[in-house]
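Read off the chains here:
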Amino acid sequence: MRYLVESFALGALSRGRSVEQFLGGAGTAERPEVRWVEIRPVAEGFVVILHEVEDIGREDFCDLHGLPEVEREDGEQNFGHEIAVVDEGAGALYLAEQELGAHPARWCNQGVAGGDYLDYVRAGRPDATPR
């Protein structure tokens with residue numbers, strides 16, 4: 001089972017585990033990218049992080065965590081854009097859904113969202129139009 005029901009996603013967060021979700025294509029035709037969101041427990045609560053990575057994966061390499069992050073304008077490496085830190089896991093899920101378009105029924109344990117990326121690659125990158 002790839003996806004977590006909300007109570008399982010909240011349970012993972014309460015146990016100190018991250019959850020994530022593949023969001024789809026972004027970037028340009030010359031520089032394709034994909035986006036995914038991570039919710040990570042931190043001392044202050046739960047941080048919502050948007051990752052934008054180069055879409056250089058293939059069927060034999062679909063690890064989102066292994067794809068290079070898109071470089072920032074100043075040339076520095078981007079290790080994700082912190083959207084917000086919230087007090088509760090449910091609030092973090094809601095924020096990601098409202099601000100980033102995450103789907104409430106598509107949260108995965110950390111490392112599992114690469115399966116959605118692989119489906120995306122196999123389908124010919126159907127939504128790879130710039131946003």
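Everything here concerns the structure above.
I will try to describe carefully the structure that is included in this document. The shown structure was predicted, so the numbers you read here are calculated from the model rather than taken from an experiment. (Residues numbered from 1 in each chain as written. Predicted model: local features only at pLDDT ≥ 70, side-chain atom pairs only at ≥ 80, totals over all residues. Heavy atoms only, no water.)

### Some thoughts on the overall build of the protein chain
What counts is decided by this rule: Think of it this way: any DSSP run of H or I at least four residues long counts as a helix, any run of E at least two long counts as a strand, and we number them from the N terminus. Only C-alpha atoms enter the radius of gyration, while the globule expectation follows 2.2 Å times N to the 0.38, with N the number of residues.
Along its length, the protein chain carries three helices and five strands. Starting at the N terminus and ending at the C terminus, the protein chain contains elements arranged as α-β-β-β-β-α-β-α. Rg of the C-alpha trace for the protein chain: 14 Å, near the compact-globule value of 14 Å for 131 residues, within the 12% margin. In terms of overall dimensions, the protein chain has C-alpha extents of about 40 × 35 × 25 Å along its principal axes.

### Some thoughts on helix 3 (residues 114–122)
Applicable threshold: Only protein chains enter the accessibility calculation, which uses a 1.4 Å probe; a residue whose area is less than 20% of its type maximum is buried, one above 50% is exposed, and one in between is partly exposed. It only takes one pair of heavy atoms within 4.5 Å for two residues to be counted as in contact.
Along helix 3, the residues that are buried comprise Gly-114, Asp-116, Tyr-117, Leu-118, Tyr-120 and Val-121. The inward-facing, buried residues of helix 3 abut strand 1 (19–27) and strand 2 (32–42). Looking at the residues trailing helix 3, positive phi occurs at Gly-124, about 85°.

### Quick word on the sheet that holds strand 4 (residues 81–86)
Note the cut-off: Here, any two strands with at least 2 DSSP bridges between them count as paired. Only the stretch in contact is used when fitting a helix axis, every axis being a line fitted to C-alpha atoms; angles between N-to-C directions are given from 0 to 180 degrees.
Within the open sheet, the five strands sit side by side as 4-3-2-1-5. Their pairing is antiparallel. A single partner strand is all that each edge strand has here, and the edge strands are strand 4 and strand 5 (108–109). Relative to strand 1, helix 1 (residues 6–14) is tilted by about 105°, and along the sheet it contacts strand 1, strand 2, strand 3 (45–54) and strand 5. Here helix 3 sits on the sheet and contacts strand 1 and strand 2; the angle it forms with strand 1, its principal contact strand, is near 30°.

### Quick word on the pattern of salt bridges
Where we set the bar: The rule for a salt bridge is simple: a side-chain nitrogen of Lys or Arg has to be within 4 Å of a carboxyl oxygen of Asp or Glu.
Here the structure, examined in full by the defined rule, presents eight salt bridges. Between Arg-58 and Asp-60 there is a salt bridge, and its shortest N-O distance comes to 2.8 Å. According to the relative accessible area criterion, Arg-58 is partly exposed, its value standing at 45%.

### Quick look at the packing of aromatic side chains
Short version of the rule: Side-chain rings of Phe, Tyr and Trp (the six-membered ring for Trp) are treated as a pair once their centres are within 6.5 Å; stacked means planes under 30 degrees apart, edge-to-face means over 60, and tilted covers the remaining angles.
Applying the stated rule across the entire model yields three aromatic pairs. Ring geometry for Phe-22 against Tyr-117: centres 5.8 Å apart, planes inclined by 55°, an arrangement best described as tilted. In this pair, Phe-22 sits in strand 1 while Tyr-117 sits in helix 3, placing the two residues 95 residues apart along the sequence. For Tyr-117, a relative accessible area of 0% gives the class buried. Here the aromatic residues Phe-22, Tyr-117 and Tyr-120 are joined through ring pairs into a cluster of three or more.

### Observations concerning the environment of His-51
What counts, and what does not: Here a polar contact is recorded for every N or O atom pair within 3.5 Å, except that within protein the pair must consist of a potential hydrogen donor and a potential acceptor, and residues adjacent in sequence are included only if both atoms are side-chain atoms.
As for its position among the elements, His-51 is in strand 3. Separated by 29 residues in sequence, His-51 and Gly-80 have C-alpha atoms that sit 4.5 Å apart. The contact partners of His-51, leaving out residues within four places of it in the chain, are Val-34, Arg-35, Trp-36, Glu-38, Glu-69, Phe-79 and Gly-80. Separated by 2.9 Å, the side chains of His-51 and Glu-38 make a polar contact. A polar atom in the side chain of His-51 sits 2.8 Å from the side chain of Glu-69.

### Here's the deal with the environment of Tyr-120
Position of Tyr-120 among the secondary structure elements: in helix 3. A residue is classified by how much of its surface remains accessible, and Tyr-120, at 6% relative accessible area, is buried. When the C-alpha atoms of Tyr-120 and Glu-59 are compared, they prove to be 9.8 Å apart, with 61 residues separating the residues in sequence.

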